[in-house]
Structure formats: structure tokens, C-alpha cells
Amino acid sequence: MRKDRRRDAEPRIHLTTLKAGISRSPEFAKKGLADYAANVGTKCGHACAYCSTGAMLRMHRSFQKAGEDPFGLGYAIVDPDTPERVARDAGRIKPKLRGMVQLCTTVDAWSPEAQKYGLGRKCLEAILSQAGWSVRILTKNAAVVKDFDIVEKHRDRVLVGLSLTAPMAQGAIVAAVEPYASPIKERMAALEEAQKRGLRTFGMLCPLLPGIADGPAEVDQLVGFVLDRGAEEVFVEPVNSRGPGLGLTEQALRSAGYAAEADQVARVRQGTEWSAYTRRLLTNVQASLRSRRSLSKLRFLLYPSRLTPEDKRWIREHASGVRWLGKDAATA
């Protein structure tokens, strides 16, 4: 029997105090997403099994204070005072240095615990109250629609994106690994609402899991959907292989009764399979965008360290839209 992880207990919420409000984000600048980041905590309550934030922030003091495993699930760590620091930095950073801020880069400003404190809305207001700033919203929660009234007032300075990890038909499977994110159907509806209101949008198809959303048909559905919603850019990323995320994703799928999908995820944990999966994904994404004469909108985010030499050579020869990232990017 397939189980619905959405019926599990709500995540535990821990409070923390962060130091940063708006900070430089060189890695996200390389991705073409934003020059700055504003994050509202260190652990998101959406509880996505594949999340790589734990690997990036595992040494942060907030995990020890909360007594939680950085790679664990079932809890969130949030800072309710983030909007005050964001407002401080938005005003004190010199106008000539201002640019795009992403809400958020490691957690979600519209996750359940962030909603409890109104963090997405308050941070959005704080940034946009100062001239020279623009905002890229990235969320997996349809609750962002409630704050479209603010976006409408600054429509030229805000890009709206809801991360789509599978087509609607695979929504139940995705729910097993994203138990507290909004259902895919609701995320798509939020993007449709953004388009209706004349808001600027971008596509974020990340991650497209093997055996679930990386095939030609699934990719084409997602690409077509975001382009039809007016996406100015389409960001795509294979699932991150760092940390225990792939193993946790496999476990979540298996526990929910999706054995075939779990087997596909298990495969990319072995040997050269991640490299082959990444090459196939890029091929499918490029083909879909090319067929719509929109290949120039592709931003395929790729850390090359686990690519085989053969796949790396092939991708270099078919590199349209590829953004090479990480310390190995220069030699990719």
C-alpha cells in the first residue's frame, strides 16, 4: 500500500538568530540567479528528502543549539527577526552596489514556519522599499499568491518562480519526497495566477529526479508549461549528489510504495549512473526548448565533478545553456 507522507506530524519548529540580512552570493551569481541572498533560517519545513542545504550548512551553530541532525527531516529552524536585518541591509548598502536579491537560496521564505511569522512578505516589503533593489522569489509554496499584491506594486522589479519538480501526473510520487511543500497542481496554479496578473516569471525545474521527471515527455510538459506562463528564463538542475539526499529520497519513495521509482534513484547513486542521467536530462531539456525556439532561455546548472570524461566531453560539445559551477568548473 502506498502511504501519504502528508499525514505525518507537522515539523518541529526551532528558533534561531542569524547574523546576515542581505549578503553577497557569488555562487548564485554564477548561476545567473542573483547577486545577493536573503535567507530566513537554516532548515526548511518543506522536508524535501533530496535537499542539499544540510550538506552546505551542516556546521552552522543553529543545528547544535536545536539538538538536530543537519541531514535529518521533520523539523525546521527559522529566525523570526530576519526582516529587521533585511531592512537594515537594504538601506545601508550603497545604491550603486544594489542588485538582485533571491528569496531564498538555502531555505524557503513561504514554508509553513516562515508563513507563521510572515517572513516572505515582510522581507519582500523591506527590500522593495529601497530603490535599486530587485527580487527573485523562489518557493515551493503556493501561499506566495497571498503576497502578489506587493509584487504588483513593483512588477518591474520582481521575478516570480515556483519550483516544479514533476508534471502534475507525477504529483503523488513527488509528494512522497516533498511532504510539506504545496502540491504540484497548486504551484502550477500560482504561476498561472502570476501570469494573469501580468507579473514577471521564470521557470525553475529542479531537481528533475531520475525515473520520475527526467524523461522526454515529462521534461517537455514542464518546459511547455513554464514557457506558456511567460518564463523569461528556464533553470534546470539534476538532483544534487552530495550528502545523503539521494539515499533519503530512495528511502522516502520506497516507504511510500514507489519501488520502481526508488530503484531508479538508487541507480544514480552507483558508479557512473549519475553522469549518464545528467547527460540524458540535458539532452531532453535542450530538445524541448529547441523545438520551441527558446533554447536561449536555458540555464542548465551543472557541477561537473561526478561526470565521466566521456560525458563531460559530450556536454562540452553540446553546451548550449549550460552553466558550469563549482571548483571544477574552470576545467570542465
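The preceding data block contains the structure.
Residues numbered from 1 in each chain as written. Predicted model: local features only at pLDDT ≥ 70, side-chain atom pairs only at ≥ 80, totals over all residues. Heavy atoms only, no water.

Participant: When you look at the environment of Glu261 in this model, what are you seeing that I'm missing?
Facilitator: Among the structural elements, Glu261 can be located in helix α12 (residues 259–267). Judged by relative accessible area, which is 15%, Glu261 ranks as buried. Each C-alpha atom, one on Glu261 and one on Leu209, is 9.1 Å from the other, the two residues being 52 residues apart in sequence. Not counting chain neighbours up to four residues away, the residues in contact with Glu261 comprise Ile173, Pro210, Gly211, Ile212 and Leu253. (Helix = DSSP H or I, 4+ residues; strand = E, 2+ residues; numbered from the N terminus. Buried < 20%, exposed > 50% of the residue type's maximum accessible area, 1.4 Å probe, protein only. Contact = heavy atoms within 4.5 Å.)

Participant: When you look at the sheet that holds strand β1 (residues 12–15) in this model, what are you seeing that I'm missing?
Facilitator: Note on sheets: strands pair through backbone hydrogen bonds, and any given pair is parallel or antiparallel. A sheet is described by the order of its strands in space; here 3 strands give the open sequence β1-β5-β4, paired in mixed fashion. Pairing within the sheet leaves two strands with one partner each, and these edge strands are β1 and β4 (41–43). In this sheet, adjacent strand axes meet at a mean angle of 20° when their direction is disregarded. With 4 bridges joining them, β1 and strand β5 (residues 75–78) adopt parallel strand pairing. From the neighbouring strand, Leu15 faces β5, where its bridge partner is Val78. (Pairing = 2+ DSSP bridges. Axes fitted to C-alpha atoms, helices over the stretch in contact; angles between N-to-C directions.)

Participant: What's the story with helix α6 (residues 119–128) in this structure? I'm lost.
Facilitator: With 7 of its 10 residues buried, α6 lies for the most part within the structure. Considered for burial, the residues of α6 that qualify are Leu119, Gly120, Cys123, Leu124, Ala126, Ile127 and Leu128.

Participant: How should I be thinking about the pattern of salt bridges in this particular structure?
Facilitator: Following the criterion strictly, the structure yields 20 salt bridges and no others. Arg12 is the salt-bridge partner of Glu68, the closest N and O atoms lying 3.0 Å from each other. Of this pair, Glu68 sits in the loop between α3 (61–66) and β5 while Arg12 sits in strand β1, and the two are 56 residues apart along the sequence. Assessed through its relative accessible area of 16%, Glu68 is described here as buried. Salt-bridge contacts for Glu27 lead to Lys30; the nearest nitrogen and oxygen are separated by 3.9 Å. (Salt bridge = Lys/Arg side-chain N within 4 Å of Asp/Glu carboxyl O.)

Participant: Looking at this model, I keep getting lost on the state of the cysteines. Mind explaining?
Facilitator: The term disulfide refers to a covalent linkage connecting the sulfur atoms of a pair of cysteines. Tallied over the full model, the rule gives 0 disulfides. With no disulfide partner, Cys44 has as its closest neighbouring cysteine sulfur the one in Cys48, 6.4 Å distant. (Disulfide = S-S within 2.5 Å.)

Participant: For this particular structure, what's the right way to read the packing of helix α11 (residues 245–255) against α12?
Facilitator: Helix packing for two helices is described by the angle between their axes and how far apart those axes are. Running from N to C, α11 and α12 point in directions that differ by 170°, and their axes come no closer than 8 Å. When the axis of α11 is compared with that of α12, the two are roughly antiparallel. Classified by chirality, the crossing of α12 by α11 is left-handed. Note on element contacts: α12 touches α11 through Ala259, Glu261, Ala262, Asp263, Val265 and Ala266, opposite Leu246, Thr249, Glu250, Leu253 and Arg254. Partitioning the contact of α11 with α12 into residue classes produces 6 nonpolar, 1 polar and 4 charged. (Parallel < 35°, antiparallel > 145°, perpendicular 65-115°, else oblique. Left-handed = near helix turned anticlockwise from the far one by under 90°. Nonpolar A, V, L, I, M, F, W, Y, C, P; charged D, E, K, R; others polar.)

Participant: Before we go on, may I ask you to explain the packing of helix α4 (residues 82–92) against α6 in this structure?
Facilitator: Packing of α4 against α6 brings their axes to within 8 Å, and their N-to-C directions diverge by 15°. Our classification of the angle between α4 and α6 gives roughly parallel. Judged by the sense of rotation from one axis to the other, the crossing of α4 with α6 is right-handed. Listed contacts from α6 to Thr82, Pro83, Val86, Ala87 and Ala90 of α4 are Leu119, Lys122, Cys123, Ala126 and Ile127. In terms of residue class, the contact of α4 with α6 is made up of 8 nonpolar, 1 polar and 1 charged.

Participant: Got a minute to help me understand the sheet that holds strand β3 (residues 36–37) in this structure?
Facilitator: If you walk across this open sheet you meet the 9 strands as β2-β3-β6-β7-β8-β9-β10-β11-β12, and the pairing is mixed. Only two strands of the sheet have a single neighbouring strand rather than two, namely β2 (23–24) and β12 (322–324). Alignment of strand β9 (residues 200–205) against strand β10 (residues 231–236), held across 4 bridges, turns out to be parallel. What sits directly across from Met204, in β10, is Phe235. Of the strands in this sheet, β6 (100–103), β7 (134–139) and β8 (158–162) are in contact with α6, which crosses β6 at around 175°.

Participant: Quick question: what am I supposed to make of the side chain of Thr82 here?
Facilitator: By the element assignment, Thr82 lies in helix α4. Using a relative accessible area of 0% as the deciding quantity, one classes Thr82 as buried. Within the local environment of Thr82, its side chain forms a polar contact with the backbone oxygen of Asp79, the two atoms lying 2.8 Å apart. Not counting the four nearest positions on each side in its chain, Thr82 is found in contact with Leu18, Asn39, Val40 and Cys123. (Polar contact = N/O pair within 3.5 Å; in protein donor to acceptor, adjacent residues only side chain to side chain.)

From the geometry alone we can't say anything about function, so treat these as descriptive.
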